[in-house]
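Secondary and tertiary structure notes
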Amino acid sequence: MKALKAAFPELRLSGLTGMDLGERLALLYHLRLDGPLLTLYMEVPKEDPVVVDSITRIIPGADLHEREVYDMLGVIFRSHPDLRRLLLPDDAPKDYHPLRSEIDARILRSIETEEKLGPVITGESGPYLELVIGPQHPALHEPERFVFKVDGEVVVGVDIRIGYAHRGIEEAAERRTYIHDLYLCERVCGICNVAHSLCYCLTVESLLGLEVPRRAQFLRVVAAELNRLHSHMLLLGVAAEEMGFSTLFMYIWRDREAVMDVMELLTGNRVISSFNRIGGVSRDVSPSLAEKMLARLRPLRGRLEHYLEVFESDPTVLARTKDIGILSHRDAVELCATGPTLRASGVCFDVRDKDPYAAYGELSSLEPVVRKECDSWARFLARIQECLVSLDLIEEALERLPGGPVRVRAPRRVRPGEAICTVEAPRGELLYYIRSNGTDKPARLKIRTPTFSNLAPLRKMLDGVYLADVPVTLASIDPCFSCTDRAVIVDVNTGARWSCYIDELARRARRT
Amino acid sequence: MKPLPALLKDTISTLIRALFKKPATVLYPKVSVEVPEGFRGQHTIDLKKCVGCGLCARDCPTGAIIMVREPGARGLGVPVINLSKCIFCYQCAESCPKGAIRPTKRFDMASDDPHHLVLDFRPMAYRPGRGRAPSGEQEQG
C-alpha cells in the first residue's frame, strides 16, 4: 500500500469492505486512482484478536473506514490513531461486533451494560471549550453528534460521532431476496434513491452477466439526473436557509417543484421512484411524455443561471461562504473526499466521466464541473453548475433515446461470485459490493455512501472556521444526516454547562 | 457585487412581478391536485385475470400481500393487499404474469379505520374507502 501511494500520490481509498467468511475474515480495499476501481483483497485468519496494519498513516482518509470495520467485525488496526466505536453505541459490550458470524444479537438482551455518556468531556484542560452539537435535530432527518473544540469563536478540532440512525441494512439485506433488497436499498436514502437503486441494479446485473437494453440505460440516465437536480436544489435551498437568506431558499424550493413534477411524470412518484428494476427500468417513455417533461424543465435553465448569478454576487452568500471551510487540493486527495466536495477542490474526478455506467459513456454533454477555489462557495457553485449539466444530459438522453425494450427478464437466483459497482450519486461516489453464494439471497452486501467518505474532509474544513460558519460549512458537503440542534457548551475549566439552540447559533450568524 | 442601483432595480422588478403572480402553493385539500398518468396510487386487481400464482405475495418486499383462499378461485387464492404495509413500489404488478394488478390515481388513502386500508377485491368483501361498512357485511381484518 505504501509503495502504491508513493508511486501514485493521487491514490484515494473509496471504501473498505470487511467480510466474515467463516474461518477467515476478508478485507477489501477499494482504491481509486483516475479510472476504474482497483480492489485489493486480503484474507486474515480469524484469531483472537485479529490484527491488521492500519493504512491511516499512508492514506489519512482511511480513518473512518477502518473504524467502521473495527466496529462491525472487530479487526484491530495496528497503529491506528483513534480506534473507537463508530456506529455502535459507546456502551456496546466489548467484543461485540455484529457482522461476525458467531455473534448472536440475542446476547445483547442478557448483557448488562454500564450506562455511560460518550466522550463529552475529555478531561483535557486548556484554553478550549468543548461544544457538543446533536444528536437530535428536528429540522433534518438523521441524528448526528459533533463535539467541537472551540477557542473563543474559532473551531480548533472536531470529533464526529455517527450511527444514531444505523438501521442494520447490510445485515437485513442478507436475509431478503435480491428482489426485496432492491426496495430496501432504494430506501437507504430518500433523497438520492435513484442512485442507490441504480447502483444496486448495476451490481446485481454484473453478477448475473445481464445485458441491459440501451433504451433502459438512457432512461436510467434521465432518472439519475433528475434525482441529482432535485438533490442539489434541495441542498442549495437548505444552504440559503442556513445563511439566513430565507427568500432564496423559498425561491429555489419553488423551482425544485418542476423537477419533482417531472420525476412524477416519469416514474409515477415524486420522491421514491422505484424506476430501476433488475434488468432495466419499470416503464417506458412515450414521445409525447418526453416532450411534456422537456417543456416542464425548460424554464428551469434560466432560473438556475439566475441562482448562479445570485450565489456569485450576493453579499450575504459571499460573506458566509467565500474562503470559509477550506479543503485544499492535497487534503481533498489525502482525506479521500468525493463528489462535488472533491471537485470543488480542483480534482477532476467524476465517476460518470472516468468510470462510465448506464449510458453516460455515450452522452457528449457530460462535462465534469471542477472548481479551484476549495471553499464552501466553490462547493455550492459546483452544484449549481452540475445542475445545468444535468439539464443538458436529460435533454440529450431524451432526444437520442434509442428504440427497443426497456427491460429484460432477470433470473431469481444469482450464480456465485462478487461484484462491485460505483455510481456518481448527487453527493459523490456511491459504492456497492455484493457477494453471492448461488442462492436467491446475497451473502454480503456492502454499501459505502458518499457522506461517509466526506466526513474526514469535513473535519479538516471545520478546522479554523468561526462557530457561526459551522452550519453553512456542514451544509457545503451536503451531509446526508442531521447535525445541529441542541448544543451543550461545557466550560472545561469551571465544569459549568449551558445549552443553546442552533437557531441561536444561526441568529448569531446573521448578526455577524 | 453589483452596484446598488442595479441591485435595487432587480429587487423592485422581482417584487412587482411577484405581486401580480398567483401563489406557488396549491391549497390542498380545498383545491384538488391532479396527478399525472401512470401515478402509483392505490391498486386495482382484476380478479378475472388473476390465476392465483402468488408471485405478487412472494415478491412483495414488505409482505403487504397475502393470498386468501376463496371458493372458486384458482391456485393459491386471491391476493389481498394491506395498504398500511404497502410501499407502492409496484413490484407486484411487475411480477404478475397476467397483468392483473394496475395502479389507480387515488392517493388520499389515510383513514382512522384500519379496515379501510385492506384492499380486498373479492365479491363479498368489505370495500374500503366508502365510509363505514354497513352492518351485516363481511369485514376483513
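Treat the numbers as computed from the prediction; the structure is a model and nothing was measured.

**Points about the confidence of the model for chain B**
All names here are of chain B. Averaged over chain B, the pLDDT score is 83; the fraction of residues at 70 or greater is 87%. Highest mean pLDDT in chain B belongs to strand 2 (residues 65-68) (94); lowest belongs to helix 1 (residues 4-19) (83). Below pLDDT 50 for its whole length, residues 130-141 participates in 20 contacts with residues either more than four positions away or in separate chains. Interface confidence for the predicted complex, expressed as ipTM, amounts to 0.83; the pTM equals 0.87.

**Thoughts on the interface of chain B and chain A**
Taken residue by residue, the interface counts 23 residues in chain B and 22 residues in chain A. Between chain B and chain A the total buried area reaches about 1900 Å² when both faces are included, carbon and sulfur atoms providing 44% of it. Taken together, chain B and chain A are joined by 14 residue pairs in polar contact (both at pLDDT 80 or more). Every element with two or more residues in the side of chain B that touches chain A is listed here: helix 1, helix 2 (55-59) and helix 3 (91-95) of chain B. Of the residues forming the side of chain B that touches chain A, the biggest block, three residues, is contributed by helix 2 of chain B. Its residues assigned to classes, the side of chain B that touches chain A comprises 13 nonpolar, three polar and seven charged.

**With respect to the confidence of the model for chain A**
Mean pLDDT over chain A: 84, with 88% of residues reaching 70 or higher. Of the regions scoring below 50 in pLDDT, residues 482-503 of chain A engages in 72 contacts with residues more than four places distant in sequence or in other chains.

**Let's talk about the sheet that holds strand 1 (residues 12-20) of chain A**
Residue and element names in this part refer to chain A. With antiparallel pairing, the three strands of this open sheet are ordered in space as 1-2-3. Only two strands of the sheet have a single partner each, and these edge strands are strand 1 and strand 3 (37-45). Each strand of the sheet is rotated relative to its neighbour by a mean of 20°, with strand direction disregarded. Direction of pairing for strand 2 (residues 24-32) relative to strand 3: antiparallel, over a ladder of nine bridges. Looking at strand 3, one finds that Leu-31 is bridged to Leu-38.

**Some details on the packing of aromatic side chains**
Ring pairs (aromatic) are described by centroid distance and by the angle formed between their planes. All names here are of chain A. Scanning the model with the defined rule gives six aromatic pairs over all chains in all. Centroid distance Tyr-200 to Tyr-432: 6.4 Å. Interplanar angle 70°. Geometry classified as edge-to-face. Within this pair, whereas Tyr-200 is found in helix 6 (residues 193-208), its partner Tyr-432 is found in strand 12 (residues 428-436), the two being separated by 232 residues in sequence. No difference in accessibility class separates Tyr-200 from Tyr-432, as the two residues are buried.

**A short note on helix 2 (residues 62-73) of chain A**
Residues and elements named next belong to chain A. An ideal rise of 1.5 Å per residue puts 16 Å on 12 residues; helix 2 measures up with 16 Å between its terminal C-alpha atoms. Counting buried positions along helix 2 yields 12 of 12 residues, so the element is predominantly enclosed. Taken as a whole, helix 2 has its buried residues at Ala-62, Asp-63, Leu-64, His-65, Glu-66, Arg-67, Glu-68, Val-69, Tyr-70, Asp-71, Met-72 and Leu-73. Buried-residue contacts for helix 2 involve strand 1, strand 2, strand 4 (50-53), strand 5 (75-78), strand 13 (442-448) and helix 15 (450-462).

**A few points about the packing of helix 8 (residues 246-267) of chain A against helix 9 (residues 287-313) of chain A**
Residues and elements named next belong to chain A. Contact geometry of helix 8 with helix 9 gives a least axis separation of 10 Å together with a crossing angle of 160°. Classed by the angle they form, the pair helix 8 and helix 9 counts as roughly antiparallel. By crossing handedness, the relation of helix 8 to helix 9 is classed as left-handed. Where helix 8 approaches helix 9, its residues Leu-248, Tyr-251, Ile-252, Arg-254, Asp-255, Glu-257, Ala-258, Val-259, Asp-261, Val-262, Leu-265 and Leu-266 are matched on the opposing element by Leu-289, Lys-292, Met-293, Arg-296, Leu-297, Leu-300, Arg-303, Tyr-307, Val-310 and Phe-311. Considered class by class, the residues forming the contact of helix 8 with helix 9 number 15 nonpolar, no polar and seven charged.

**Topic: the sheet that holds strand 3 (residues 78-82) of chain B**
Residue and element names in this part refer to chain B. Read from one edge of the open sheet, three strands run 2-3-5, paired in antiparallel fashion. At either margin of the open sheet sits one strand with a lone partner, and together these are strand 2 and strand 5 (118-119). Looking at chain direction, strand 3 and strand 5 are connected through two bridges and run antiparallel. Across the sheet, Asn-82 pairs through a bridge with Val-118, a residue of strand 5.

**A word on the side chain of Glu225(A)**
Residue and element names in this part refer to chain A. Tracing the chain through its elements places Glu-225 in helix 7 (residues 214-243). At a separation of 3.2 Å, a polar atom in the side chain of Glu-225 contacts the side chain of Arg-352. Among all residues touching Glu-225, those that are not within four sequence positions of it are Arg-352, Tyr-360, Ser-390, Leu-393 and Ile-394.

**Some words on the layout of surface pockets**
Looking at the largest pocket, its volume works out to about 1600 Å³. Among the secondary structure elements, those contributing two or more residues to the lining of the largest pocket are helix 8 and helix 9 of chain A together with helix 1 of chain B. Ranked by the residues each element gives to the lining of the largest pocket, the list is headed by helix 8 of chain A, at 11 residues. Residue classes in the lining of the largest pocket are distributed as 22 nonpolar, eight polar and 18 charged.

**Some points on the nonpolar core**
If you look at the biggest cluster of nonpolar residues, it comprises 154 residues, and the most contacted ones within it are Phe148(A), Tyr200(A), Leu304(A) and Phe311(A). The greatest single-element share of this core, amounting to 16 residues, is contributed by helix 7 of chain A. Every residue in contact with Phe311(A), bar those within four places of it in the chain, is listed here: Leu236(A), Met243(A), Leu248(A), Ile252(A), Val317(A), Leu318(A), Trp377(A), Phe380(A), Leu381(A) and Ile384(A). Counting 15 residues, the second-largest nonpolar core is a separate cluster that includes Cys56(B), Ala64(B), Ile65(B) and Tyr90(B).

**Thoughts on the side chain of Ser476(A)**
Residue and element names in this part refer to chain A. Position of Ser-476 relative to the elements: it lies in helix 16 (residues 470-476). Classification of Ser-476 as buried rests on a relative accessible area of 0%. In terms of polar contacts, Ser-476 uses its side chain to reach the side chain of Arg-379, at 2.9 Å. Contact partners of Ser-476, with chain neighbours within four places excluded, come to Ser-376, Arg-379, Phe-380, Arg-383 and Met-461.

**Digging into the environment of Arg427(A)**
Examined against the element boundaries, Arg427(A) turns out to sit in the loop between strand 11 (417-425) and strand 12. Put simply, Arg427(A) and Trp377(A) are 50 residues apart on the chain and 16 Å apart in space, counted from C-alpha to C-alpha.

**Concerning the pattern of salt bridges**
This model, assessed by the stated rule, comprises 45 salt bridges over all chains. Two residues, Arg412(A) and Asp59(B), come together in a salt bridge whose shortest N-O distance is 2.8 Å. Separated into two different chains, Arg412(A) in the loop between helix 14 (376-399) and strand 11 and Asp59(B) in helix 2 make up a pair that spans both. Classification of Arg412(A) as partly exposed rests on a relative accessible area of 32%. Residue classification places Asp59(B) among the buried positions, given a relative accessible area of 2%. Connected through salt bridges with shared partners, the residues Glu225(A), Arg228(A), Arg343(A), Asp350(A), Arg352(A), Glu386(A) and Glu424(A) form a single ionic network.

About the criteria used
Residues numbered from 1 in each chain as written. Chains lettered and ligands numbered in written order. Predicted model: local features only at pLDDT ≥ 70, side-chain atom pairs only at ≥ 80, totals over all residues. Heavy atoms only, no water. pLDDT = per-residue confidence, 0-100. Helix = DSSP H or I, 4+ residues; strand = E, 2+ residues; numbered from the N terminus. Contact = heavy atoms within 4.5 Å. Buried area = accessible area lost by both parts, 1.4 Å probe. Polar contact = N/O pair within 3.5 Å; in protein donor to acceptor, adjacent residues only side chain to side chain. Nonpolar A, V, L, I, M, F, W, Y, C, P; charged D, E, K, R; others polar. Pairing = 2+ DSSP bridges. Axes fitted to C-alpha atoms, helices over the stretch in contact; angles between N-to-C directions. Phe/Tyr/Trp six-rings, centres within 6.5 Å; stacked < 30°, edge-to-face > 60°. Buried < 20%, exposed > 50% of the residue type's maximum accessible area, 1.4 Å probe, protein only. Expected span 1.5 Å × (residues − 1). Parallel < 35°, antiparallel > 145°, perpendicular 65-115°, else oblique. Left-handed = near helix turned anticlockwise from the far one by under 90°. 1 Å grid on protein atoms, 1.4 Å probe; cavity = no way out; pocket = protein on both sides within 12 Å on 5 of 7 lines; lining within 4 Å. Points joined across faces, edges and corners; volume = space filled by probe spheres on them. Core = buried A, V, L, I, M, F, W, Y, C linked by side-chain atoms within 4.5 Å. Salt bridge = Lys/Arg side-chain N within 4 Å of Asp/Glu carboxyl O.

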